[in-house]
Amino acid sequence: MRKKIVAGNWKMNNNKGETAELIQALKPLSFSPDIRVMIAPAFTHLAQAEKLTQGGRLEVLAQNMNASDSGAFTGEISAGMLYSIGINKVILGHSERRAYYNETDSSLKKKVETALTHNMEVVFCFGEELEDRKAGNYFEVIQTQLETALFDLTPSEWSKIILAYEPVWAIGTGETASPQQAQEMHAFIRGLIALKYDQVLADDVCILYGGSVKPANASAIFSMRDVDGGLIGGAALKAEDFMAIIQSV
Ligand code: PEP
């Protein structure tokens, strides 16, 4: 049975002290065993975050990693490096990585494979652009993204995959997909997985929604049948807001 997940993507925010402060503020929060809560601080603070969260239920994930295991890739971080400091989860394919660092579904397929080789859990982000939404071809776009990046995985590899549907037009814009729009897409995604694999596997995959989730709209979105929680950007940087969102799941 799939769990609910609320994951905070801190992006390139918070210095070392601010990272520690935010973690300390979140630590006392208690939440049901059916819920997982994750935070993704910057690379430089992952080791600290890992130490500060030890023994608690906050899970730490990286925001990215390289597809290769080692080599001449200046400025990059490998899965093995993350694993060596106790980080066994990573966000891949965030729309900002796609937009600013030319990540594509084909290059992400390789990253996903590398992450799985290292036994890491992957929060895989994907979503359509505003033009796709306006043109009405958003279902096709999502289908292509999933088929290219993930549909060569074996059924057992899917136990390490968490999906995050993030319509690009809703990220950091204040625009949110309506609960009905989110549900419609999440049901479509689950249906695609059921067709490619089977219904049991599809029912086990956790599909998060991301895009301007705030305390005010979280419960309406999370109440949708196929929405299993959220990937949160801006609102994850304020302990109070992030905790309110966790309480809404
Ligand atoms: C994100 O960056 O994944 C995101 C969902 O951001 P925000 O919540 O700020 O829209």
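Please read these numbers as outputs of a predicted model, since none were measured by experiment.

*Asks:* Help me understand the packing of helix α1 (residues 16–26) against helix α11 (residues 239–248) in this model?
*Replies:* In a pair of packed helices, the angle between the axes and the distance between the axes together describe the arrangement. Where α1 meets α11, the axes come as close as 10 Å, and the angle between the chain directions of the two elements is 40°. Considering the angle they form, α1 stands oblique to α11. Viewed along their axes, α1 and α11 form a crossing whose handedness is right-handed. Judged by residue contacts, L22, A25 and L26 of α1 engage A239, F242 and M243 from α11.

*Asks:* Which parts of the structure should I look at to understand the nonpolar core?
*Replies:* Within soluble globular proteins, side chains that are nonpolar generally end up buried alongside one another. Counting 68 residues, the largest nonpolar core has F124, L150, W158, L163, I189 and I193 as the members making the most contacts within it. The biggest single contributor to this core is helix α8 (residues 179–196), with 6 residues. With residues near it in sequence (within four places) discarded, L150 still touches V112, F124, W158, I161, L163 and Y197. Counting residues in each nonpolar core, the second largest holds 13 residues, with V123, I162, C206 and L231 among its members.

*Asks:* Help me understand the environment of L231, please; the structure alone is not making it clear to me.
*Replies:* Mapped onto the fold, L231 is located in strand β8 (residues 229–232). Each C-alpha atom of the pair L231 and G8 lies 5.9 Å from the other, and the pair is 223 residues apart in sequence. Those residues in contact with L231 that sit more than four places away from it in its chain are A7, N9, I91, V123, C125, A164, E166, L208, Y209, G210 and G211.

*Asks:* Help me out: how do you make sense of the sheet that holds strand β3 (residues 58–60) in this one?
*Replies:* Sheet strands pair by backbone hydrogen bonding; their relative direction is either parallel or antiparallel. Ordered by their spatial adjacency, 8 strands build an open sheet running β3-β2-β1-β8-β7-β6-β5-β4, and the pairing between neighbours is parallel. The open sheet has two edge strands, β3 and β4 (89–92), and neither has a second partner. For this sheet, the mean inter-axis angle between neighbouring strands, taken without regard to orientation, is 25°. For strand β2 (residues 35–40) and β3, the ladder comprises 3 bridges, and the chain directions are parallel. Residue pairing for β3: V37 is matched across the bridge by L58.

*Asks:* Just to check I follow, could you spell out α8 for this structure?
*Replies:* For α8, spanning 18 residues, the distance from its first C-alpha to its last is 26 Å, which sits close to the expected 26 Å at 1.5 Å a residue. Within α8 the residues assigned to the buried category are P179, A182, Q183, M185, H186, I189, R190, L192, I193 and A194.

*Asks:* Sorry if this is basic, but what is going on with the site of the ligand here?
*Replies:* K11, H94, E166, G172 and S212 are the nearest of the 14 residues found near the ligand. At 2.8 Å from an oxygen atom of the ligand is found a side-chain nitrogen or oxygen belonging to H94. Look at the ligand: alone it shows 300 Å² of surface, and the protein chains cover 97% of it. A class-by-class count of the residues in the shell around the ligand yields 4 nonpolar, 8 polar and 2 charged.

*Asks:* Where do I start with the environment of T74 in this structure?
*Replies:* The topology assignment puts T74 in the loop between β3 and α3 (79–84). With relative accessibility at 84%, the residue T74 sits in the exposed group. For T74 and T173, which are 99 residues apart along the polypeptide, the C-alpha to C-alpha distance reads 32 Å.

*Asks:* Would you mind showing me how to read the packing of aromatic side chains here?
*Replies:* Aromatic ring pairs are described here by two measures, namely the spacing of the ring centres and the angle between the planes. Taken as a whole and judged by the stated rule, the model has 9 aromatic pairs. When the ring of Y100 is compared with that of Y101, the centres are 6.5 Å apart and the planes differ by 80°; the resulting orientation is edge-to-face. On the numbers, 5.9 Å between centres and 90° between planes, the contact of F151 with Y197 is edge-to-face. One end of the pair, F151, is in the loop between α7 (138–150) and β6 (161–165); the other, Y197, is in the loop between α8 and α9 (199–204), with 46 residues separating them in the sequence. Side by side, F151 and Y197 carry an identical accessibility label, which is buried. Here the aromatic residues F124, F126, Y165 and Y209 are joined through ring pairs into a cluster of three or more. Seen from the ring of Y101, R97 lies directly overhead, with NZ or CZ sitting 4.2 Å from the centre. The ring of Y197 carries the charged tip of K196 above its face, separated from the ring centre by 6.0 Å.

What counts, and at which threshold
- Residues numbered from 1 in each chain as written.
- Predicted model: local features only at pLDDT ≥ 70, side-chain atom pairs only at ≥ 80, totals over all residues.
- Heavy atoms only, no water.
- Axes fitted to C-alpha atoms, helices over the stretch in contact; angles between N-to-C directions.
- Helix = DSSP H or I, 4+ residues; strand = E, 2+ residues; numbered from the N terminus.
- Parallel < 35°, antiparallel > 145°, perpendicular 65-115°, else oblique.
- Left-handed = near helix turned anticlockwise from the far one by under 90°.
- Contact = heavy atoms within 4.5 Å.
- Core = buried A, V, L, I, M, F, W, Y, C linked by side-chain atoms within 4.5 Å.
- Buried < 20%, exposed > 50% of the residue type's maximum accessible area, 1.4 Å probe, protein only.
- Pairing = 2+ DSSP bridges.
- Expected span 1.5 Å × (residues − 1).
- Near = heavy atom within 4 Å.
- Polar contact = N/O pair within 3.5 Å; in protein donor to acceptor, adjacent residues only side chain to side chain.
- Areas by Shrake-Rupley, 256 points an atom, 1.4 Å probe, with all protein chains shown as cover.
- Nonpolar A, V, L, I, M, F, W, Y, C, P; charged D, E, K, R; others polar.
- Phe/Tyr/Trp six-rings, centres within 6.5 Å; stacked < 30°, edge-to-face > 60°.
- Lys NZ or Arg CZ within 6 Å of the ring centre and 35° of its normal.

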